[in-house]
Amino acid sequence: MFAPPAAGFSGPSAPPAGMFDSVPGYEGTVAGGGGTVNELHRAFFVNIMPPLSLTLRLTPLSADSIPSITEDTAREAFALFASSKCCYSSAPVKDGVITSMDAFNTYRYRLETFTESRSTEWSHKPYNGQPVDAFSQPSPGPWDVPAKTPSFFVGDKQVMKVPYTSSMKPCHACVGLGRKPCKHCSGFGNRVCSPCNGSGMQYGGNQCLHCSGRGRTNCSFCHGEGAKQCDTCRGKQQLLVYISLTVKWTNNCDNYVVEQSSGLQVDNLCKVSGKRLFRDSQHLVYPVMGFPDPAVVSAAQRLVGEHQGKYSATSRILQQRQTIELIPVTKVTYAWKGKSHIYFVYGKEFKVNADNYPATCCCTVM
């Protein structure tokens, strides 16, 4: 029978606080994250709100100047919609007669704020002879570490090691031994024989063939050794400990759609595109003014102020972009079997909404 492991053989599961060096500029960095670099952001990157006297003025096309869709287009869109539903009959499409088509075109204002945020945490990995450079030179600040050039308005992330923070430490998980007790046999290397329940004898008084009368069998998980390679250091006994910097680029987007009186829910318009009337992209955009619809002007001023106040407090604003689109919405009224029904065709994709389709089978929930 194997002896149990020595006391203290199994190290702590989490790195002890004393394992990490005190690096100037990174005093708040902990293991497992939590070190968002807000204070340094405020010190070195100040996002200035554009002066109100420089607000942009433009006069785009009005909603009324965009022609409505044709009856043929409305019919084709309706037919495609019905054919995509397994329980919808095509009869209303084939036999229905369009009686009126009314345009309820509306505007969508979109503001995108592309930001960069940085966070730090202590990390470690098995030591395989990597360079150890802690304190050989002063470590650059979190915002001084070069990162790749991002593509504007595309989310991305880069994780890198902060220079001059790497040191070699004994593995905390195995106390620098490279091996840990096998949890399946508690480090003994053997387990109670299950066929004879540890008695060494089988039914009838015969010696247990499975354990040869020992009452115990070698542990199959550690092959009788009582210990397994440490998963933390991969048997290397030492860890490379360093500060990891995560640079995250995020495209923060908000939309405002002007309410229209057609009866079509605004949520339907989120998934379609419209005719672009205006686009402006710069470091910090100016609130739009002079637009024919005052609701768009109000939304632009509100969102620009909210974005620049909210995101400059926790990240660095790299670029902003604002867009105004005109979304075509047509309310189609048609007659079928002596009754009047409606459906909506909207967006450049000619999406259809027909919540009260008149010819569905019993399995369709309206």
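Just above sits the structure.
Just so you know, the residues in each chain are numbered from 1, in the order the chain's sequence is written. At least 70 in pLDDT is required for a residue's local features to be given in this predicted model, at least 80 for side-chain atom pairs to be given and counted, and no such filter applies to totals for whole chains, interfaces and linings, which use all residues. Water and hydrogen atoms were dropped before computing side-chain values, which therefore reflect all heavy atoms in the structure.

Asker: For helix H4 (residues 294–311), give the residues involved together with the corresponding values.
Answerer: One turn of an α-helix holds 3.6 residues; hence residues three or four places apart share an orientation. Numbered from the N terminus, helices here are DSSP runs of H or I no shorter than four residues, and strands are runs of E no shorter than two. A helix is expected to span 1.5 Å for every residue after the first. Taking 1.5 Å of rise per residue, the 18 residues of H4 would be expected to cover 26 Å, and the 26 Å separating its terminal C-alpha atoms lies within 8% of that figure. Here's how the labels work: a residue is buried when its accessible area is under 20% of the maximum for its type, exposed when over 50%, partly exposed in between, all with a 1.4 Å probe on protein chains only. All of the buried residues in H4 are Val296, Val297, Ala299, Ala300, Leu303, Val304, His307, Gln308 and Tyr311. Summarising the axial view, the buried residues of H4 lie within an arc of 165°, below the 170-degree limit, and thus occupy one face. Facing away from the buried side of H4 by over 90 degrees, the exposed positions are Pro294 and Lys310. As used here, the arc is the angular range of directions from the helix axis to the C-beta atoms.

Asker: Residues and numbers for the packing of aromatic side chains, please.
Answerer: Ring pairs shown here join Phe, Tyr and Trp side chains whose ring centres sit within 6.5 Å, with only the six-membered ring taken for Trp; geometry is labelled stacked below 30 degrees between planes, edge-to-face above 60, and tilted in between. Overall, the coordinates contain 12 aromatic pairs when judged by the stated rule. Ring geometry for Phe20 and Trp122: centres 5.1 Å apart, planes at 20°, overall stacked. Taken together, the residues span a long stretch of sequence, with Phe20 in the segment before strand E1 (35–36) and Trp122 in strand E4 (residues 106–126) at a distance of 102 residues. Of the residues examined, Trp122 reaches a relative accessible area of 6% and is grouped as buried.

Asker: An account of unusual backbone geometry is needed here, citing residue identities and associated values.
Answerer: One non-glycine residue, Phe153, lies in the positive phi region at around 65°. Structurally, the position occupied by Phe153 is in the loop between E4 and strand E5 (156–161). Owing to a relative accessible area of 13%, Phe153 belongs among the buried residues under this scheme. Positioned with a positive phi, Arg234 is a non-glycine residue whose angle comes to about 55°. Assignment of secondary structure puts Arg234 in the loop between strand E10 (227–229) and strand E11 (238–257).

Asker: Go over the sheet that holds strand E15 (residues 329–336), please, and point to the residues and values.
Answerer: Strand-to-strand pairing in sheets goes through backbone hydrogen bonds, with the strands running parallel or antiparallel. If you trace the four strands from one edge of the open sheet to the other, you get E3-E15-E16-E17, paired in antiparallel fashion. Here the strands that pair on one side only, and so sit at the sheet edges, are strand E3 (97–103) and strand E17 (351–353). The sheet shows a mean angle of 25° between the axes of neighbouring strands, direction not considered. Strands were regarded as paired on the criterion that DSSP finds at least two bridges between them. For helices, the fitted line uses only the C-alpha atoms of the stretch in contact; every axis is such a line through C-alpha atoms, and the angle between N-to-C directions lies from 0 to 180 degrees.

Asker: Explain helix H2 (residues 71–83) to me, and be specific about the residues and the numbers.
Answerer: Compared with the 18 Å implied by 1.5 Å per residue over 13 residues, the 18 Å span of H2 between its first and last C-alpha is a close match. Within the sequence span of H2, burial applies to Ala74, Ala77, Phe78, Phe81 and Ala82. Looking down the long axis of H2, one finds its buried residues gathered within 135° of arc, a one-sided arrangement. Turned more than 90 degrees from where H2 packs its buried face, Asp72, Glu76, Leu80 and Ser83 sit exposed. Whether two residues touch is decided by their heavy atoms; if any such pair falls within 4.5 Å, the residues are in contact. Contacts made by the buried residues of H2 are with helix H3 (91–95), E3, E15, strand E16 (339–346) and E17.

Asker: Which residues make up the pattern of salt bridges, and what are the values?
Answerer: Any carboxyl oxygen of Asp or Glu within 4 Å of a side-chain nitrogen of Lys or Arg constitutes a salt bridge here. Enumeration according to the criterion identifies 10 salt bridges in this entry. In this structure, Asp21 engages Lys169 in a salt bridge whose closest nitrogen and oxygen atoms are separated by 3.2 Å. Of this pair, Asp21 sits in the segment before E1 while Lys169 sits in strand E6 (residues 167–170), placing them 148 residues apart in sequence. Residue Asp21 is classed as partly exposed on the basis of its relative accessible area, which comes to 22%. Notably, a salt bridge pairs Arg302 with Glu306, separated by 3.7 Å at the nearest N-O pair. In this pair, Arg302 and Glu306 are both assigned in helix H4, four residues apart and thus about one turn of the helix distant. Residue class for Arg302 comes out partly exposed when judged on its relative accessible area of 42%. Here Glu306 falls in the partly exposed class, since its relative accessible area comes to 41%. Among the ionic contacts, a cluster of salt bridges with common partners joins Glu71, Asp72 and Arg75.

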